[in-house]
Amino acid sequence: MEEQLTIGELASRTGLATSALRYWEELGLLPAPGRVSGQRRYPPSAVGLVGVIVALRDVGFTLREIKTLLASRSPASDGWRELYQRNLAELDQRIAQAQVARTAIAHGLVCPHEDIFECSKFASGVAALLAGSSLEEAHEEAHTHS
C-alpha cells in the first residue's frame, strides 16, 4: 500500500494552507480522503490534483467552474470546451479593456497640460464617458475631435 499523506503534508507539498484544502474538500473539489485515527489521509496523487486546481484557479477559473471542469473530464463530454471558450472570450475582453486603459494612461503622462483637468482632450473623454461611451470610444472621440 502506498504511503498516505496527512493534510499537513499535502499542504506542505502544495504550498497551500490546510484550511484551503479543507474548504476545497467541502466544495467537492478534492474527494473526501480516508481517515486513520480520525485524521485525513490523502493518496500521493492528491498533490497532482491540487496542482491542477491551483493552475485552473490561477488562469481565472472560479472554484465552481473548476468543480465543473473536474466533473466533465470524460472524453464524451464537451462541457469543459465550452467553459474554456467562454473564459477565453472573457479574458480577451479584459485584455482589450486593459490595453485601452493603458493607452489612455500613457496619453495622460505625455499631456502638455500641467493640470490634466485643464486638458480639452481629457474633458472631452470624460464627457463621452458620461454620455455612455465605453472607455475605448471616449478615448477615440477625445483624440479625433479635439
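Here the structure is a predicted model, which is why all the values come from computation and not from measurement.

1. Regarding the side chain of R40
Residue position: R40 is located in strand β2 (residues 39-41). Its relative accessible area of 19% is what places R40 among the buried residues. Engagement of the side chain of R40 in a polar contact is seen with the side chain of E25, the distance being 2.8 Å. For R40, the contacting residues outside a window of four places in its chain are L5, T6, I7, R22, E25, P33, G34 and R35.

2. Some words on helix α3 (residues 45-58)
Helix length check: α3, at 14 residues, gives a terminal C-alpha distance of 20 Å against a target of 20 Å (1.5 Å per residue), a fit within 8%. Here α3 has its buried residues at A46, V50, I53, V54 and L56. For α3, the arc enclosing every buried residue in end-on projection is 165°, short of the 170-degree limit, so these residues lie on one face. In this structure, α3 carries S45 and D58 as exposed residues pointing more than 90 degrees from its buried face. Looking at the packing, one finds that the buried side of α3 touches α1 (7-14), α2 (18-27), α4 (63-71) and α5 (79-109). Where α3 ends, the next residue or the one after it, G60, has phi of about 115°, a positive value.

Rules behind the numbers
Residues numbered from 1 in each chain as written. Predicted model: local features only at pLDDT ≥ 70, side-chain atom pairs only at ≥ 80, totals over all residues. Heavy atoms only, no water. Helix = DSSP H or I, 4+ residues; strand = E, 2+ residues; numbered from the N terminus. Buried < 20%, exposed > 50% of the residue type's maximum accessible area, 1.4 Å probe, protein only. Polar contact = N/O pair within 3.5 Å; in protein donor to acceptor, adjacent residues only side chain to side chain. Contact = heavy atoms within 4.5 Å. Expected span 1.5 Å × (residues − 1). Arc of directions from axis to C-beta.

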